[in-house]
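Tertiary structure, described
Each chain, written out:
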Amino acid sequence: MKQAEPPRRGSGHSPTDPGLLRSPLDFISEDHLRERQICAAIDELAIAAPFDRQTALVVLRFLNEELNVHLRDETEDLFPLLAQRCTAEDSIESAITRIRIDHDEAMRLLPEVRATLASCLDTGCDLSCEDSGLLIRFAGHVRRRLVAENAILLPIARARLTRADLRKLSQNMRSRRGVPPFLETTNVE
Ligand SMILES: [Fe+2]
């Protein structure tokens, strides 16, 4: 019988391998690598002349298909688990509050970013200076959020979440993506 391929790690140039959902914090970490690549692509797009249609399509696809699912993993599952498990000395509430500020600002800009990219793809027009500024501001907020998550939240999550928490996180992330349960669920993290 053919052995299952081990999950792919590392480049951030394609959507995160669902095989990593077995280890949900590693999956989130890989999603952050992916987000970082997309932020770099947005920055390049903002200064590209003429408009880089190929990069715009990659970014738009990420914004439409991947970003919202990742954010739901965190806001609906990871953050509540952290709030439950962390102690006062972890200062998790203030970290989450800071992260939410960048999150809210990125979400406020998101519809305009989508509309701007879709419009340039439809019309073949280049980005205006205002459009470029919008893209750079959006990427800045997304990047700040993921840097704080990598530096503060993920290390605390690795230290504090129990095996049962990780199983629950893995299950919820899989069902959010329509991925069937793994046969062995005791091996999470
Ligand atoms: Fe994140």
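Axis separation between helix 2 (residues 53–65) and helix 4 (residues 92–123) bottoms out at 10 Å; the angle between their running directions is 145°. Between helix 2 and helix 4 the crossing geometry is left-handed. Contacts from Arg 53, Ala 56, Leu 57, Val 59, Leu 60, Leu 63 and Asn 64 of helix 2 reach helix 4 at Leu 110, Val 113, Arg 114, Leu 117, Ala 118, Cys 120 and Leu 121. In terms of residue class, the contact of helix 2 with helix 4 is made up of 11 nonpolar, one polar and two charged.

Let's shift gears to the layout of surface pockets. Estimates place the volume of the largest pocket at around 170 Å³. Around the largest pocket sit 13 residues that line it, and Pro 15, Phe 27, Asp 31, Glu 66 and Arg 177 are the ones nearest its centre. Within the residue set of the lining of the largest pocket, elements represented by two or more residues are helix 1 (24–47), helix 2 and helix 3 (67–85). Sort the elements by how many residues they give to the lining of the largest pocket and helix 1 lands first, with three residues. The residue makeup of the lining of the largest pocket, split by class, is six nonpolar, two polar and five charged.

What the rule picks out here adds up to zero disulfides. We note that Cys 39 lacks a disulfide partner, and the nearest cysteine sulfur, in Cys 120, lies 19 Å from it. On the accessibility criterion, Cys 39 (1% relative accessible area) is buried. With no disulfide of its own, Cys 125 lies 6.7 Å from the sulfur of Cys 120, the closest cysteine sulfur.

Mapping Ala 139 onto the fold places it in helix 5 (residues 129–160). Looking at Ala 139, the relative accessible area reads 0%, which means it is buried. The spacing of Ala 139 and Leu 25 is 114 residues in sequence and 23 Å in space, taken between C-alpha atoms. In this view, Ala 139 contacts Cys 39, Ile 42 and Asp 43; residues no more than four positions away in its chain are not counted.

Cut-off values and rules
Sequence order sets the numbering: in each chain, residues are counted from 1 along the sequence as written. In view of the model being predicted, local features appear only for residues whose pLDDT reaches at least 70, and side-chain atom pairs are presented and counted only at 80 or more, with totals across whole chains, interfaces and linings using the full set of residues. With hydrogens and water set aside, each side-chain value is computed from the structure's full complement of heavy atoms. Axis geometry follows a simple rule: fit a line to the C-alpha atoms, using only the stretch in contact for helices, then measure angles between N-to-C directions, giving values from 0 to 180 degrees. Here a helix means four or more residues in a row that DSSP labels H or I, a strand means two or more in a row labelled E, and each is numbered from the N terminus. Here is the rule for handedness: rotate from the far helix to the near one, and if that takes an anticlockwise turn smaller than a right angle the crossing is left-handed, while a clockwise turn gives right-handed. By definition, residues are in contact when any of their heavy atoms lie within 4.5 Å. Here the term charged refers only to Asp, Glu, Lys and Arg, the term nonpolar to Ala, Val, Leu, Ile, Met, Phe, Trp, Tyr, Cys and Pro, and the term polar to all other amino acids, Gly among them. For cavity detection a 1 Å grid was placed over the protein atoms alone, and a set of points counts as a cavity when a 1.4 Å probe fits there but cannot get out; an open set counts as a pocket when protein lies on both sides within 12 Å along at least five of seven lines, with lining residues being those that have an atom within 4 Å of a point. Grid points are joined across faces, edges and corners, and a volume is the space filled by probe spheres set on the points. Pairs of cysteine sulfur atoms within 2.5 Å are identified as disulfides in what follows. The rule is simple: take the accessible area with a 1.4 Å probe, protein chains only, and divide by the maximum for that residue type; under 20% is buried, over 50% is exposed, in between is partly exposed.

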